[in-house]
Amino acid sequence: MKVILNDDVKHLGEMGDVKNVANGYARNYLFPRMLAVPYNVETVAYFEGKKAEIEARKEQKRADSKSLKEKLEGLTVELVMPAGTNGKLYGAVTSHTLFDYLTKNGYDIERKRIEVPGLTIKNVGNYTFKVHLYEAALAEVKLVVKPQETASTEKKPAAKSPKQNNEKVPAETEEKADSTEAKN
């Protein structure tokens, strides 16, 4: 069934686009939610009248995409990940990891638009990843993966209470401790 999109529909298209969709998808999803209208003479005429508005909206998206591209290309993402002494990560840097980082830093980018070279990064080093923006716009972002600083491998003994050290404890303190244990 041929329809004209009334609004932007994720994975399908933008307002004013003419698309061929399955009959059930149009009847059961697009039409009840007012996301699309059937393709006919009246709806084509209606969207011809709104053409300037639709084009202005697309131009605004292009401008936003261009400014976002400039911001992203000036950005250097630094991730600190747990790694072995040889530089191999214990986990991996994926598009989801980068999505979380960008979201926390105020960038509104869909995870599926982030492209990591080789799908995952498993070593410490300098990389670049791509972010697909509006239409054909593409931003290349610098990524630095650093190893996490680890504390010395020796285990420090936990602080012991005076009872565990076999030290003499004043009777008052011992009675207070016993009474609080009894209450619990």
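Residues numbered from 1 in each chain as written. Predicted model: local features only at pLDDT ≥ 70, side-chain atom pairs only at ≥ 80, totals over all residues. Heavy atoms only, no water.

## A closer look at the overall build of the protein
- Regarding its fold elements, the protein presents five helices and nine strands.
- Counting helices and strands in the order they occur from the N terminus, the protein gives β-β-α-β-α-α-β-β-α-β-β-β-β-α.
- When the 184 residues of the protein are sorted by exposure, 26% land in the buried category.
- Restricting the contact set of the protein to residue pairs at least 6 apart, pairs at least 24 apart contribute 49%.
- Just so you have it, the protein exposes about 13100 Å², and 51% of that area is on carbon and sulfur atoms. (Helix = DSSP H or I, 4+ residues; strand = E, 2+ residues; numbered from the N terminus. Buried < 20%, exposed > 50% of the residue type's maximum accessible area, 1.4 Å probe, protein only. Contact = heavy atoms within 4.5 Å. Areas by Shrake-Rupley, 256 points an atom, 1.4 Å probe, with all protein chains shown as cover.)

## Some points on the nonpolar core
- In terms of nonpolar packing, the biggest core is built from 22 residues, with Leu72, Val93, Leu98, Phe129 and Leu143 touching the most fellow members.
- Looking at this core, the elements that each hand over two or more residues are β4 (76-81), β5 (88-93), α4 (95-104), β8 (125-132) and β9 (138-147).
- By residue number, the principal contributor to this core is β9, which donates four residues.
- In this structure, leucine 98 is in contact with Val77, Leu79, Val93, Ile114, Val116, Phe129 and Leu143, ignoring residues within four places of it in sequence. (Core = buried A, V, L, I, M, F, W, Y, C linked by side-chain atoms within 4.5 Å.)

## A short note on the sheet that holds strand β1 (residues 2-5)
- Strand order in the open sheet formed by three strands is β2-β1-β3, with antiparallel pairing between adjacent strands. Each edge of the open sheet carries a strand with a single partner, namely β2 (18-20) and β3 (36-38). The average undirected angle you get between the axes of adjacent strands in this sheet is 40 degrees.
- In this sheet, β2 lies alongside β1 in antiparallel orientation, the contact comprising three bridges. By the bridge assignment, lysine 2 is partnered in β2 with asparagine 20.
- Helix α2 (residues 41-49) contacts β1 and β3 of the sheet and is inclined by roughly 25 degrees relative to β1. (Pairing = 2+ DSSP bridges. Axes fitted to C-alpha atoms, helices over the stretch in contact; angles between N-to-C directions.)

## Some points on the pattern of salt bridges
- Overall, the coordinates contain ten salt bridges when judged by the stated rule.
- A salt bridge links arginine 57 to aspartate 8, with the shortest nitrogen-to-oxygen separation between them at 3.3 Å. A residue pair is termed long-range when its members are at least 10 positions apart, and arginine 57 in helix α3 (residues 51-73) and aspartate 8 in the loop between β1 and β2 qualify at 49 residues.
- With relative accessibility at 32%, the residue arginine 57 sits in the partly exposed group.
- The class for aspartate 8 is partly exposed, based on a relative accessible area of 27%.
- The closest approach of N and O atoms between glutamate 14 and lysine 61, which form a salt bridge, is 3.7 Å. Taken together, the positions of glutamate 14 in the loop between β1 and β2 and lysine 61 in helix α3 put the pair 47 residues apart, joining distant regions of the chain.
- The partly exposed category is assigned to lysine 61, whose relative accessible area is 25%.
- Within this structure, Asp7, Asp8, Glu14, Asp17, Arg57, Lys58 and Lys61 form a network of salt bridges that share partners. (Salt bridge = Lys/Arg side-chain N within 4 Å of Asp/Glu carboxyl O.)

## Looking at the side chain of lysine 58
- Note on placement: lysine 58 falls in helix α3.
- Apart from the residues within four sequence positions on either side, lysine 58 is in contact with Glu14, Met15, Asp17 and Tyr134.

## Section: unusual backbone geometry
- The backbone phi angle of methionine 34 is positive, close to 60 degrees, even though this residue is not glycine.
- Here leucine 119, not a glycine, exhibits a phi torsion of approximately 70 degrees, which is positive.
- The exposure class of leucine 119 is exposed, given its relative accessible area of 69%.

## Observations regarding the pairing of β4
- Burial of the side chains of β4 is restricted to one face: Val77, Leu79 and Met81 are buried, whereas none of Thr76, Glu78 and Val80 on the reverse face is.
- As paired strands, β4 and β9 are joined by six bridges and run parallel to one another. Counterpart to methionine 81 in the pairing with β9 is proline 147.

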